Amino acid sequence: MSEQLESADFSDRDEFESWLDETMANQLERHHVPGAAVVVVKDGEPFLAKGYGFAELESSRPVVANETVFSIGSTGKLVTWTAVMQGVEDGRLQLDRDVNGYLADSTVAVPDTYAEPITLEHLGTHSAGFEDTFAGMIADDPDEIRPMEEILADHQPARVRPPGESVAYSNYGTALAGHVLAEQSDATFTAYADEQIFTPLGMDDTTYAQPLPAELEPRRAIGYTPQDGEYQAHDPVVWTLPPEGGLLRTTATDMGRFMLAHLNEGTYGLERILEAETVRDMHRRQFTKSEAVPELNGMAFGFIEMDRNGETIVGHWGDTPRFKSLLALYPERDTGIFVVYNSPGGGPARFELLQAFTDRYYPQSDTPVVEPPNGAADRARGLTGDYRSLTVSESSWERVLGVMTRTFTVGATDEGYLTTTRLGEGPRTWVERRPGVYEEVGGNDMLVFRVDEDGRATHMFRHSFGPSTYERVPWYETLTVLQAVLGAGVVAFLSVLLLWLGGPVWRRWRGGTVPSDRERAARWLLGTVSLCWLAVLVIFLLAWINFNAETASPSLALQTGKVLRYVALAGTVGAVVATGFAWRDNYWTRSARLHYSVVTLLALLFAWQLYLLRVLPL
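Conventions we followed
Residues numbered from 1 in each chain as written. Predicted model: local features only at pLDDT ≥ 70, side-chain atom pairs only at ≥ 80, totals over all residues. Heavy atoms only, no water. Helix = DSSP H or I, 4+ residues; strand = E, 2+ residues; numbered from the N terminus. Buried < 20%, exposed > 50% of the residue type's maximum accessible area, 1.4 Å probe, protein only. Pairing = 2+ DSSP bridges. Phe/Tyr/Trp six-rings, centres within 6.5 Å; stacked < 30°, edge-to-face > 60°. Lys NZ or Arg CZ within 6 Å of the ring centre and 35° of its normal. Core = buried A, V, L, I, M, F, W, Y, C linked by side-chain atoms within 4.5 Å. Contact = heavy atoms within 4.5 Å.

Peer 1: Honestly, unusual backbone geometry in this entry has me stumped. Any pointers?
Peer 2: Residue P211 is bonded to the preceding Q210 through a cis peptide linkage, with omega at -10°. For P211, the location among the structural elements is in the loop between helix 6 (189-198) and strand 6 (223-227). Although it is not a glycine, D334 sits at a positive phi angle of roughly 55°. By the secondary structure assignment, D334 is in the loop between strand 14 (324-330) and strand 15 (335-341). Accessibility expressed as a relative area gives 21% for D334, which makes it partly exposed.

In structure tokens:
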């Protein structure tokens, strides 16, 4: 972890503004972000609200903290959980009751996959046991949005583990909780939130409406992505499940009011939206991921624990394709900070800001570990392998997203340090603080490992990412095996296509025996199989790259790929049969038969890996 720092004076507003100005200017430049907004509240009052950069580049419209309307992604889930707790307070809802008990008049029903029912307590701590899914969350046009009940019923994820067992972040779970509240109210969820939260808090520029109301549209921040040294503007994403949070648009100052209500034990001005005890319950830990390591961040109710430097911090962060936000409360300090950016670079920037703010005003008191202790090398070697987030799909091709972006490969050095790598993230080094607990060298994160009765590591937890659990995967599901099989398969399939297309030319040039009909059919079969598998791989890779668009409306290419995968599988089975005939009847030369056999084997392994990715669900 970072070196111990001396605390700066947080009571000096001018000094803080000067530091924030310098920090944000540096962030916008380094992370290629056109604009951002920050609001800080302290001691029951707004402390500072400020915009940085541009909300729209073409017109040079600046970001203004109390005017510019941003999409804040899943940070908006905190509104949902606040509303749910209002329902608990007035007796309409109970945290420990089977949610199906509230859905008698709804087409939505949670299947009884496990003996234990799912409750609002499970939903609020992301421990309900749903697989991850994005289906139904995005539409191409606001006119295509269907009632929330229909979407939840048609796109229900599978229950893949018992409730209360592990934390695995779930968008669907939050949306379901909002639907439960709506079913017990005389209003839609959006109308309820407007009346019971936004209006009493004076959040007049906050809305779930799509498209934005006419009075807010001119103030909307444009989402950008950096491209070739410039910025590409994007139209707003159309979200379909309001409680999930992505749909919420707001200003920084409106979120400041929301933070003040939570820090002021449920009150803002003369209005009360929650009782003080309810707020404390929402902010205290509700799910502990490791009893042996109590300092490891877990889950409060709806709020994510984000403790740093020994400070109690709860909040949430939000991601849309272009907007990144973070809200963090320091309840014991009566302080809160909210930041939002309008480009993907805001993803790392928000956590850097949170850490820099905490380091500056609430520095850590412990001394970082520098070198591994005795025996660390042996212990580190026992932890190596791939650890995958439980927040993945188990039943659809969407699993590709989780496998590729939410898998950490853990290695060990001869000195006893751990190393981790992940797609899109550089290598990081970790040093053992005590067995099973590692802190980042030169950083502020922590890794914790859970072991079974045999002493084998089974799960990994990240201190900086409370709403997730990482499960150790078997060797055949590691990224190394996946990449090796798919890479070898691509080479093999291309070699078949080259021989397939070049064989006739070669025979005309050098002469040779004309193949029999069976030999020709076997070659055509493997050539077709090779072409189909290559097409399937390319189609699903493109679908992953264009994930949001394919989620909103599957393209013709993706629909074609879903058919081709079974054509390729059937052809592969046929190639196995053809391989047997080739050896029995001495097709071609011995080397040609060997090549055919190897490619067929790789086609089987290729299909197996695509099955593990659920690109080929069986």
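Having put the structure on the table, let's press on.
Peer 1: Can you walk me through the sheet that holds strand 1 (residues 35-42) in this structure?
Peer 2: Two modes of strand pairing occur in sheets, parallel and antiparallel, and in both the strands are linked by backbone hydrogen bonds. Read from one edge to the other, the open sheet built from seven strands follows the order 3-2-1-15-14-13-12, with strand pairing classed as antiparallel. Pairing within the sheet leaves two strands with one partner each, and these edge strands are strand 3 (61-62) and strand 12 (304-305). When strand 12 meets strand 13 (residues 314-319), the two strands line up antiparallel, connected through two bridges. Paired with I304 across the two strands is G315, which belongs to strand 13.

Peer 1: I keep staring at the pairing of strand 1 and nothing clicks. Help me out?
Peer 2: Sheet faces and side chains relate simply in a regular strand, where the side chains alternate between the two faces. Of all eight residues in strand 1, eight are buried; the element is thus mostly enclosed. Alternating positions in strand 1 separate into two faces, G35, A37, V39 and V41 on one and A36, V38, V40 and K42 on the other, with burial throughout. The pairing of strand 1 with strand 2 (residues 45-56) spans eight bridges and is classified as antiparallel. Bridge pairing links A36 to Y52 in strand 2. Turn length for the strand 1-strand 2 hairpin, with the two strands adjacent in sequence and antiparallel, is two residues, and the turn residue D43 shows positive phi of about 55°.

Peer 1: Where do I start with the packing of aromatic side chains in this structure?
Peer 2: Any pair of aromatic rings gets described here by the distance separating the centres and the angle formed by the planes. Overall, the coordinates contain 34 aromatic pairs when judged by the stated rule. With a centroid separation of 6.5 Å and 90° between ring planes, the pair formed by F10 and Y362 is classed as edge-to-face. Of the two residues, F10 is situated in the segment before helix 1 (13-30) and Y362 in the loop between helix 9 (346-361) and helix 10 (376-381); the sequence distance between them amounts to 352 residues. As far as the burial class goes, F10 and Y362 line up, both buried. Centre to centre, the rings of F16 and Y361 are 5.8 Å apart; their planes meet at 55°, and the pair counts as tilted. Here Y361 lies in helix 9 and F16 lies in helix 1, a separation of 345 residues in the sequence. Take F16: its relative accessible area is 0%, and that puts it in the buried class. Aromatic ring contacts, followed pair by pair, group F10, F16, W19, F47, Y330, F357, Y361 and Y362 into a single cluster. Sitting above the plane of the F581 ring, R518 keeps its charged end 5.9 Å from the centroid.

Peer 1: What am I meant to see in the nonpolar core here?
Peer 2: If you look at soluble globular proteins, the nonpolar side chains tend to sit buried side by side. L123, F258, F338, W533 and L610 are the most contacted members of the largest nonpolar core, which totals 115 residues. It is helix 13 (residues 517-545) that contributes the most residues to this core, 11 residues altogether. The contact partners of L123, leaving out residues within four places of it in the chain, are W81, V99, I118, A128, F130, G173, L176 and A177. Formed by 32 residues, the second largest nonpolar core is a distinct cluster that contains F47, W317, Y341 and Y362.

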